[in-house]
Amino acid sequence: MDKIGRYEFMAEPFHCDFSGRLFMGHLGNHMLNAADFHSTDRGFGMKYLMSINRSWVLSRLAIEMTEMPKQYTRFNVETWVESAMRYFTSRNFAVVGTADDEQPKVYGYGRSIWAMIDTETRQPTDIYDIDNGAIDNWIVKDKECPIDKGGRVRMSDEAALVRTIDTFYNDVDINGHINSVKYIEHVLDLWPLDWYRDYQIKRFEIAYVAEAHAGDQLSFYREQTADGEYCVRIVRTDGTECCRSKVTFVQISK
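Here we summarise the structure given alongside this text. From a predicted model like this one, the values you see are computed outputs, not experimental measurements.

It is worth spelling out the overall build of the protein chain at this point. Counting secondary structure elements, the protein chain contains four helices and 10 strands. Reading the secondary structure of the protein chain in the N-to-C direction produces β-α-α-β-β-β-β-β-α-α-β-β-β-β. In terms of overall dimensions, the protein chain is globule-like: its C-alpha atoms have a radius of gyration of 18 Å, near the 18 Å expected for 254 residues. With respect to the three principal axes, the spread of C-alpha positions in the protein chain is 55 × 50 × 30 Å. By residue count, 48% of the 254 residues in the protein chain fall in the buried class. Counting only carbon and sulfur atoms, one obtains 47% of the accessible surface of the protein chain, whose full area is about 13200 Å². The protein chain carries 30 positive and 39 negative side-chain charges, and their two centres are separated by 2 Å.

Spelled out as structure tokens, the structure:
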């Protein structure tokens, strides 16, 4: 079995925005599905881990796109493990398709960091306990992922509170906490529809810090940190910071 997984998806029309291109949240969901397909096929996926009270949780995700696939376009998400340590593993993505002239086309790339937790204690657990560290057999060191790994999202105390929302059934995933992709959708909803008529997302980063659960209120604090760059801090009901995000926009050429 190849170390690199390749999985086909389609930009379904109801997963696309008003411009007819795939929503960032749905692209993130396709990446997470590709990660699960890849790990499951190689013996360390969620289905097996749940049977031994373990689970993967997403710690960081960065997506950088040149272009989003248009509706009805079929494309592939390639994914591979770049490195592994005791408590974290790095997984990369490439979103690829075929151009009108039948030449290969790269839409963009993604980088992610994952931790493995004990589902009963909710604490990190040793990745190398699974099948005697077999994850090392799947590491790919020679495939390029030419986007910045990203770092800590830095914000000042001057960030303005722009929205507070409630959370419900549809926000919760298989791990029992607010779904990783839901945070992406809620962050991108902080800008009005008309904003997206003039600007497109060049890069999206999110770092998850603490879990939130159904019934928690989430408060969103936003700060502009550079030209076209905004940082967002998400805080749950008890004041605990759940995650931070950075969004970089570029103006659409007209």
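A few words on the layout of surface pockets. Taken as a whole, the largest pocket spans an internal volume of roughly 660 Å³. Lining the largest pocket are 23 residues; nearest its centre among them are D17, L22, F23, Y196 and I201. When contributions to the lining of the largest pocket are tallied by element, the ones reaching two or more residues are α1 (24–41), α3 (180–188) and β7 (199–208). Within the lining of the largest pocket, the residues separate by chemical class into 13 nonpolar, five polar and five charged. Considered as a void within the structure, the second largest pocket measures approximately 490 Å³ in volume. Elements with a minimum of two residues in the lining of the second largest pocket: α1, α2 (46–51), β2 (54–65), β4 (88–98) and α3. Of the residues forming the lining of the second largest pocket, the biggest block, six residues, is contributed by α1. Grouping the amino acids of the lining of the second largest pocket by side-chain chemistry returns 13 nonpolar, eight polar and four charged.

Below, the discussion takes up the environment of G5. Structurally, the position occupied by G5 is in strand β1 (residues 5–10). A sequence separation of 48 residues divides G5 from N53, and the C-alpha atoms of the two residues are 25 Å apart. In contact with G5, other than residues within four places in its own chain, are H38, R42, V77, E78 and T79.

The tally for this structure, following the rule as stated, stands at one cavity of 30 Å³ or more. Its boundaries defined by the atoms lining it, the largest cavity holds a volume of some 70 Å³.

A separate point is α1. The periodicity of an α-helix, 3.6 residues per turn, causes residues three or four positions apart to be oriented the same way. With 18 residues, α1 extends 26 Å from end C-alpha to end C-alpha; this agrees with the ideal 26 Å at 1.5 Å per step. Within α1, burial applies to M24, G25, L27, G28, H30, M31, L32, A34, A35, H38 and S39. Within two residues after α1, G43 carries a phi angle of roughly 95°, on the positive side.

How each quantity is defined
- Within each chain, residues carry numbers counting from 1 in the order of the written sequence.
- A pLDDT threshold of at least 70 governs which residues receive local features in this predicted model, and a stricter bar of 80 or more applies before side-chain atom pairs are shown or counted, although totals over entire chains, interfaces and linings include all residues.
- Only hydrogens and water are set aside when side-chain values are computed; all heavy atoms of the structure are taken into account.
- Numbering goes from the N terminus for both helices and strands, where a helix is a DSSP run of H or I of at least four residues and a strand is a run of E of at least two.
- Every radius of gyration here is taken over C-alpha atoms, with the globule rule written as 2.2 Å times N^0.38, N being the number of residues.
- The buried label goes to any residue with under 20% of its type's maximum accessible area, the exposed label to any with over 50%, and the partly exposed label to all in between, with areas taken from a 1.4 Å probe on protein chains only.
- Each accessible area is a Shrake-Rupley estimate made with a 1.4 Å probe; only the visible protein chains count as cover when residues are assessed.
- We count Lys and Arg on the positive side and Asp and Glu on the negative side, and we leave His and both chain ends out.
- We put the charge of a Lys on NZ, of an Arg on CZ, of an Asp on CG and of a Glu on CD.
- The pocket and cavity definitions rest on a 1 Å grid over protein atoms only: a 1.4 Å probe that fits but cannot leave marks a cavity, an open set with protein on both sides within 12 Å along at least five of seven lines marks a pocket, and residues lining either have an atom within 4 Å of a point.
- Grid points are joined across faces, edges and corners, and a volume is the space filled by probe spheres set on the points.
- Each residue gets one label: Ala, Val, Leu, Ile, Met, Phe, Trp, Tyr, Cys and Pro are nonpolar, Asp, Glu, Lys and Arg are charged, and the others, such as Gly, are polar.
- Throughout, a residue-residue contact means that at least one pair of heavy atoms, one from each residue, lies within 4.5 Å.
- Helix span, as expected, comes to 1.5 Å for every residue beyond the first.

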